[in-house]
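Architecture and fold: a report
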Amino acid sequence: MYPPFSSAVSRSITGCCEWYRGDTEETIVSEESNAFMRKMMLLLGLALSLSCFSQNRQGYQNPVIPGFHPDPSICRAGDDFYLVNSSFQYFPGVPLFHSKDLINWEQIGHCLTRPSQLPLHDAGPWGGIYAPTIRYNSGTFYMITTNVSDKGNFLVHTTDPRGEWSEPVWLKQGGIDPSLYFEDGKCYLVSNPGVGIYLCEINPKTGEQLNESKRIWNGTGGRHPEGPHIYKKDGWYYLLISEGGTEYGHKVTIARSRDIDGPYEENPANPILTHINKNAQNSPIQGTGHADLIQAPDGSWWMVCLAFRPQSGNHHLLGRETFLAPVRWDKNAWPVVNGDGTIALQMDVPTLPQHPLAPKPARTDFKNGKLGPEWVHIRNYHPENYTFASGNLRLKATSVNLNNGKGSPTFVGRRQEHIDFTATTSMQLKKAASGDEAGLTVYMFEPSHYDLFVKQLADGKQAVVLRYQLNELTHTEKEVILPQGKVQLRVKGSNEIYSFEYATNGKDFKELGRMNTRYISTETAGGFTGIMLGLYAVSGSQTSKAYADFEYFDYEGK
Ligand code: 6LW
């Protein structure tokens with residue numbers, strides 16, 4: 001995996017042996033002590049090389065945060081990096097990650113955890129929370145974003161990012177993708193209220209706007225100039241933005257000025273990151289854009305950005321994901337991203353000392369009575385419909401179904417992070433009336449999902465069912481009658497196909513059917529989100545007593 005490193009190990013061992021050999025002519029030693037010394041030197045060389053290995057690793061794998069994690073923004077407090085993503089209709093909102101090395105990220109929670117911070121009304125996959133920015137200034141963390149389904153731009157703040165964040169501080173300047181820049185006790189806000197990037201000064205504690213919004217750059221002519229961030233380096237104010245739209249034409253451009261108000265001059269080498277050109281047309285990564293820059297404690301510069309991985313032709317399903325690239329500054333003081341403005345899945349570059357995280361367990365068994373931060377709900381969920389009973393996650397069936405663009409169905413989901421994966425659950429439907437159902441959904445959004453579920457039948461029996469919902473097309477693909485009791489549901493994902501299986505004894509899975517991935521891809525279904533794997537329960541009746549007990553959820557990706 002790390003070829004430069006293995007050659008470093010062998011170079012270092014050879015070096016030790018040569019140093020030893022150089023001494024032999026003048027030194028009289030017995031053959032045994034000679035062999036002993038040789039062994040010791042070899043061991044010493046190996047130990048030195050291994051300690052090198054743990055500290056100065058080369059290379060990493062992109063995306064650094066796989067699955068639907070778009071619009072990354074990053075800040076640093078000492079040796080700690082924090083990163084946020086947009087979250088649209090999901091609650092809690094704005095996933096928050098921590099890392100020591102920019103490569104290994106642990107989700108430590110969300111910034112928006114209370115309905116008072118995140119009213120989602122009837123937000124869909126084009127609604128709710130758009131691109132956030134995270135910044136750290138004088139002991140306080142700020143996260144600023146847009147709730148396009150509510151009152152627009154706001155910020156929240158905290159001194160402990162692992163704890164609670166403040167109530168929203170609402171802002172006057174509109175547009176999307178707000179960002180903050182702090183200097184000399186002043187706080188500047190940039191966003192894109194018109195066509196172009198606008199700047200104003202604000203009081204970040206009250207939200208008060210302290211001067212008129214002023215347009216400072218229009219970008220280089222690409223559509224949707226957005227995602228602005230300001231940085232200062234060596235007396236220049238740099239304004240980084242994205243253009244071209246978040247699809248295949250996406251790109252990152254930059255301008256600079258000696259004065260924060262401008263005028264801003266364009267980098268003659270723009271765009272500094274894009275996969276729209278010939279040199280990346282065959283890349284497995286497309287749509288690179290929406291970026292943020294960060295300087296590490298060792299002085300190195302890095303960029304986080306979003307991109308997607310097409311599968312099944314030009315379709316992508318996992319949403320826009322978070323990628324990392326090294327940045328250097330050229331002799332004219334412009335940033336250069338990974339040499340040629342493209343990124344790769346395998347990045348063979350020097351990195352910060354790496355701090356790998358413990359591998360995530362495949363099984364969530366619900367026994368500790370709480371859900372990890374990877375689990376989210378659709379819009380403002382109803383906590384009373386989610387309980388833990390006898391080690392199971394108990395989901396109460398309600399009449400809000402998965403096709404409903406309003407309200408919050410009983411649903412809890414986590415992101416599909418790998419193109420090839422297997423997800424399995426074991427569940428039992430209880431106190432159900434005819435037509436009530438619960439199961440596992442491969443969910444893009446309301447009108448685009450594949451459902452594998454257990455349905456109650458009129459005669460006291462139950463059936464395992466595979467159904468698709470594609471806009472106005474609803475179709476039951478297959479239905480198999482089963483005795484009452486526990487059922488295991490399994491979905492396997494690959495480039496082209498989701499395959500759906502069931503078992504009743506926990507081991508002998510039978511395939512119920514297959515569905516093509518592209519019908520629920522972003523290119524077919526639309527939206528800004530990515531596939532969630534959800535557990536859900538639905539009833540036809542508003543007074544239903546039905547619920548489903550889910551014993552575990554296994555997720556394994558390749
Ligand atoms: C986000 C904009 C963008 O606000 O898509 O890719 C929008 N970039 O900057 C929604 O994620």
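Before going into details, it helps to say that this report is about the structure given with it. (Residues numbered from 1 in each chain as written. Predicted model: local features only at pLDDT ≥ 70, side-chain atom pairs only at ≥ 80, totals over all residues. Heavy atoms only, no water.)

Turning our eyes to something else, we now look at the sheet that holds strand β9 (residues 152-158). Where strands meet in a sheet, backbone hydrogen bonds hold them as pairs that are either parallel or antiparallel. The 4 strands are arranged β7-β8-β9-β10 in an open sheet whose pairing can be described as antiparallel. The open sheet has two edge strands with one neighbour each: β7 (133-137) and β10 (169-170). Pairing analysis gives 5 bridges linking β7 to strand β8 (residues 140-147), with the strands arranged antiparallel. Bridge pairing links Tyr136 to Phe141 in β8. (Pairing = 2+ DSSP bridges. Helix = DSSP H or I, 4+ residues; strand = E, 2+ residues; numbered from the N terminus.)

To continue, consider the nonpolar core. Core analysis: the biggest nonpolar cluster contains 61 residues, and Val442, Tyr498, Phe500, Ile520, Leu535, Phe550 and Phe553 have the highest contact counts within it. Excluding residues that lie within four positions of it along the chain, Phe550 makes contacts with Phe366, Asn392, Leu393, Leu395, Thr425, Ser426, Met427, Ala438, Gly439, Leu535 and Tyr536. Counting residues in each nonpolar core, the second largest holds 22 residues, with Val252, Cys305, Trp329 and Ile343 among its members. (Core = buried A, V, L, I, M, F, W, Y, C linked by side-chain atoms within 4.5 Å. Buried < 20%, exposed > 50% of the residue type's maximum accessible area, 1.4 Å probe, protein only. Contact = heavy atoms within 4.5 Å.)

Looking now at the pairing of strand β15 (residues 226-233). The element β15 is largely enclosed, with a buried count of 7 among its 8 residues. In this sheet, strand β16 (residues 236-243) lies alongside β15 in antiparallel orientation, the contact comprising 6 bridges. Paired with Lys233 across the bridge in β16 is Trp236. Here β15 folds back onto β16 in antiparallel fashion, the turn holding 2 residues, of which Asp234 has a positive phi close to 50°.

Here we come to the site of the ligand. As a structural note, the neighbourhood of the ligand is formed by 13 residues, with Asp71, Asp177, Thr246, His290 and Arg320 the closest of them. The side chain of Glu226 places a nitrogen or oxygen atom 3.4 Å from a nitrogen atom of the ligand. In this structure, Thr246 approaches the ligand through a side-chain N or O atom, which is 2.7 Å from an oxygen atom. Contact with the protein chains hides 98% of the accessible area of the ligand, taken as 290 Å² for the molecule alone. Across the shell around the ligand, the residue classes tally to 6 nonpolar, 3 polar and 4 charged. (Near = heavy atom within 4 Å. Polar contact = N/O pair within 3.5 Å; in protein donor to acceptor, adjacent residues only side chain to side chain. Areas by Shrake-Rupley, 256 points an atom, 1.4 Å probe, with all protein chains shown as cover. Nonpolar A, V, L, I, M, F, W, Y, C, P; charged D, E, K, R; others polar.)

Turning next to the sheet that holds strand β20 (residues 286-295). Spatially, β20-β21-β22-β23 is the arrangement adopted by the 4 strands of the open sheet, whose pairing is antiparallel. The strands lining the two open edges of the sheet, one partner per strand, are β20 and β23 (335-337). Taking the axes of each pair of neighbouring strands and ignoring which way they run, one obtains an average angle of 35° across the sheet. Two elements, β20 and strand β21 (residues 301-308), share 6 bridges in a ladder whose sense is antiparallel. The residue of β21 that forms the bridge with Ile294 is Trp302. (Axes fitted to C-alpha atoms, helices over the stretch in contact; angles between N-to-C directions.)

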